[in-house]
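Descriptive analysis of the structure
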Amino acid sequence: MKILLVQPFSRILNPFVSKGPTVPPLGLMILGAILRDNGYQVKIIDTGIGHEGFSRIFGEFQPDVLGVSVLTGPMILDAIAISKMAKDMFGQKIKVVWGGVHPTLLPRQTLKNPYVDTIVTGEGEYAFLELVRAIENKDDLSNIGGLAFRRGEDVVLTGERPFIEDLDKLPLLPWDLIDHRRYLKYETSLMTSRGCPYKCGFCYNETVHHRKWRRMSAERVLREVEHAQSYGKIRRLKFLDDNFTVDRKRFLKIMQGLPKDIDLYVMTRVDNIDEELIEQVKRFKDVQFSVGIETGSPEMLKKLQKDITIEQVKKAFELLHKYKITSSASFIIGLPKETKEEVEITWKFVNEINPTKYICRLFLPFAGTELYRECVKDGLLKPPKTLEDWSTFGDDSKFTNVSCVDEDFLASILRKSTIKILLNYARGLKLKDLYDRLNNVIDDLIAVIKGKKFSTYIK
Ligand code: B12
């Protein structure tokens, strides 16, 4: 059996972040490793780094199963197009399986799409292996937990599977299954825990992970780092965990075991930042702490259930500035019922805490979040009726405004933000990086002209 795993194209582009750092399709890589260890032939295509045409890939590889990873937003359209192409070429011979956050949250609506046969909800590792085996042996799917599929006019949901408790048992990332040089050249992204104990109103975590935080042990994380390093020297290590510092002892152990001649990127919370934490990271070449602040308004902060205060934010940023740690702060504007004054408070607060890097996004009421339910209940949002309707999420030209602020004002703040972000970015850019990145784009263009690649874009 041959399985083709695809990361669809996300049209959310930032031309100035360049073609450099690219996030590897970590979910698909782990699925690929498990399938391969169990004797299946696997190919992974990440449309984010460009690829040959799908008709050629399908024609040459002749997959029996197509697995597609889908988030809410524009990538839905690409996921549908790839699935349709597979069905057009192979008919019912190919089984199309979707997984990832979006189909996990909305399996029934997703299955209304005729090109999707089965959905794996939640963690995919063992559910997908069991599904592939069942497809191979033409077994009934209803005994496999974590699936959704059509039976006649009905949709069958086989129920949630228990979480994978021991993440240490997962295989090491199979960098050889992807063009690892493209991913490891600038930074090495890893995910060493799942879930988050907090309950932020805009996050999917409560619904999908039930606020249960599970982690790899420090030893296992260090083995993963060493494994990645065997593919080439690590320049920057980026931990994509929703919150990397939940377990302080684990964090300190990992920091002590890492090579010191690297840059480090960690996502954390302001209430986790103190002198002890900073002491552990000072020895690295460059350290970036990324935190979600979301708003400068104390009322909004409460509404978001972030469980942090404006004072904690200020204190954390004082420390980060004192120790010259690179900080990255993200904010959201256009929150449900947010007023113009509250948006202005946020903008002022950004300038007050003055993070090194900064992201400002428009609020999107994602399914499976507390604020989504609230927006629907309060009549601020009509629930999107089709799978395609969700593809507009993240497309700034079609945003749904659930705030009390007019769209022009929100757009003006976003424009001001973008200028600030770009100026900060340009300030931090090293000449060598610029050269590397331009080089990459030129390589890509030559490949496209020679017909070796289907698409190129600057990310
Ligand atoms: C890296 C990342 C990205 C990458 C790509 C991620 C990817 N490979 O899919 C990029 C930068 C493109 C991205 C974009 C966006 N992202 Co993002 N991203 C992440 C991040 C930080 C890590 C993803 C990851 O690698 N996880 C680790 C792996 C192991 O988990 P996984 O991918 O979920 O895969 C597991 C299961 O889902 C399942 N599975 C996944 N795919 C498949 C496929 C098959 C066939 C099967 C069987 C199973 C399966 O099995 C895997 C193993 O258990 C997550 C946060 C997080 N904690 O996950 C946010 C997250 C996924 N992103 C999110 C959001 C909001 C976005 C954006 C909308 C943000 C924006 N406005 O710009 C865009 C959407 C773009 C679009 N739709 O076009 C939300 C999800 C919201 C949603 N409802 O989909 C998350 C959860 C962050 C959050 N806490 O809110 N993102």
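All figures in this text were calculated on a predicted structure; none of them were measured in a lab.

Glancing now at the nonpolar core. The biggest cluster of nonpolar side chains holds 92 residues, and the ones touching the most others in it are F128, F239 and L264. Ignoring anything within four residues of it in the chain, the contact list for F128 reads I3, L5, L31, L35, V65, V97 and V120. Counting residues in each nonpolar core, the second largest holds 41 residues, with F54, F363, L387 and W390 among its members.

Applying the stated criterion across every chain, the model contains nine aromatic pairs. A ring pair is formed by F244 and F251, whose centres lie 5.8 Å apart and whose planes are at 80°; its orientation type is edge-to-face. For F244, a relative accessible area of 1% corresponds to the buried category. Here Y372 and W390 contribute two aromatic rings whose centre-to-centre distance is 5.9 Å and whose plane-to-plane angle is 40°, an arrangement assigned as tilted. Of the two residues, Y372 sits in helix α15 (residues 370-377) while W390 sits in the loop between α15 and α16 (407-428), which places them 18 residues apart along the sequence. You'll find Y372 and W390 in the same group, each marked buried.

What follows deals with the pattern of salt bridges. Taken as a whole and assessed by the stated rule, the structure comprises 28 salt bridges. Residues R36 and D176 are paired through a salt bridge, measuring 2.7 Å at the closest nitrogen-oxygen approach. A residue pair is termed long-range when its members are at least 10 positions apart, and R36 in helix α1 (residues 26-37) and D176 in the loop between β7 (154-157) and α7 (180-184) qualify at 140 residues. With relative accessibility at 40%, the residue D176 sits in the partly exposed group. Between K199 and D307 there is a salt bridge whose closest N-O contact spans 3.6 Å. Within this pair, whereas K199 is found in the loop between β9 (193-194) and α8 (205-209), its partner D307 is found in the loop between α12 (298-303) and α13 (310-322), the two being separated by 108 residues in sequence. Owing to a relative accessible area of 45%, D307 belongs among the partly exposed residues under this scheme. Salt bridges here are not isolated pairs; linked through shared partners, they connect E123, E125, R194 and R214.

Attention shifts here to the environment of E187. Structurally, E187 can be placed in the loop between α7 and β8 (188-190). Linking E187 and T22, residues 165 residues apart in sequence, is a C-alpha distance of 8.0 Å. Polar contacts involving the side chain of E187 include one to the side chain of R236, which spans 2.5 Å.

The subject of this paragraph is the packing of helix α2 (residues 54-61) against helix α3 (residues 75-90). One can describe the packing of α2 onto α3 by two numbers: an axis separation of 10 Å at closest approach and a directional angle of 45°. Classified by the interaxial angle, the pair formed by α2 and α3 is oblique. Viewed along their axes, α2 and α3 form a crossing whose handedness is right-handed. Touching F54, S55, F58 and G59 of α2 are I82, M85, A86, M89 and F90, all from α3.

With that out of the way, let us pick up the sheet that holds strand β2 (residues 41-46). Judged by pairing direction, the sheet is mixed, and its seven strands sit side by side in the order β2-β1-β3-β4-β5-β6-β7 without closing on themselves. Both outer strands of the open sheet, β2 and β7, are each paired with one neighbouring strand and no more. The average angle at which neighbouring strand axes cross in this sheet is 20°, direction not considered. Alignment of strand β1 (residues 2-7) against β2, held across six bridges, turns out to be parallel. Paired with I3 across the bridge in β2 is V42. Here α3 sits on the sheet in contact with β1, β3 (65-69) and β4 (95-99), set at roughly 165° to β4.

Another point: the site of the ligand. Taken together, 33 residues surround the ligand, and among them S69, T72, M75, E125 and D242 come closest. G100 is positioned such that a nitrogen or oxygen atom in its backbone is 3.4 Å from a nitrogen atom of the ligand. Measuring from a nitrogen atom of the ligand, one finds a side-chain N or O atom of D242 at 3.0 Å. With four residues, α1 is the single largest residue contributor to the shell around the ligand.

Our next topic: helix α9 (residues 218-229). If you check α9, its first and last C-alpha atoms are 16 Å apart, about what 12 residues at 1.5 Å a residue would give, namely 16 Å. On its buried face, α9 sits against α7, β8, β11 (236-239) and α10 (248-257).

Now for the packing of α1 against helix α6 (residues 125-137). Between α1 and α6, whose axes approach to 9 Å, the crossing angle comes to 45°. Judged by the inter-axis angle, α1 sits oblique to α6. Remark: the crossing between α1 and α6 carries right-handed chirality. Contact residues: α1 offers I30, L31, I34 and L35, while α6 offers E125, Y126, F128, L129 and V132.

Close reading of the predicted structure is inappropriate where its pLDDT is low. Here the chain shows a mean pLDDT of 90. Residues at 70 or above account for 90%. For residues 13-19, every residue scores under 50 in pLDDT, and the model assigns this stretch 24 contacts once sequence neighbours within four places are set aside.

The next subject is the sheet that holds strand β13 (residues 286-294). Read from one edge to the other, the open sheet built from six strands follows the order β8-β11-β12-β13-β14-β15, with strand pairing classed as parallel. Every interior strand has two partners, whereas the edge strands, β8 and β15 (357-362), have only one. When strand polarity is set aside, the average angle formed by the axes of neighbouring strands in this sheet is 15°. Relative to β13, strand β12 (residues 263-268) runs parallel, the two sharing six bridges. Bridged to M267 within β13 is S290.

About the thresholds
Residues numbered from 1 in each chain as written. Predicted model: local features only at pLDDT ≥ 70, side-chain atom pairs only at ≥ 80, totals over all residues. Heavy atoms only, no water. Core = buried A, V, L, I, M, F, W, Y, C linked by side-chain atoms within 4.5 Å. Buried < 20%, exposed > 50% of the residue type's maximum accessible area, 1.4 Å probe, protein only. Contact = heavy atoms within 4.5 Å. Phe/Tyr/Trp six-rings, centres within 6.5 Å; stacked < 30°, edge-to-face > 60°. Helix = DSSP H or I, 4+ residues; strand = E, 2+ residues; numbered from the N terminus. Salt bridge = Lys/Arg side-chain N within 4 Å of Asp/Glu carboxyl O. Polar contact = N/O pair within 3.5 Å; in protein donor to acceptor, adjacent residues only side chain to side chain. Axes fitted to C-alpha atoms, helices over the stretch in contact; angles between N-to-C directions. Parallel < 35°, antiparallel > 145°, perpendicular 65-115°, else oblique. Left-handed = near helix turned anticlockwise from the far one by under 90°. Pairing = 2+ DSSP bridges. Near = heavy atom within 4 Å. Expected span 1.5 Å × (residues − 1). pLDDT = per-residue confidence, 0-100.

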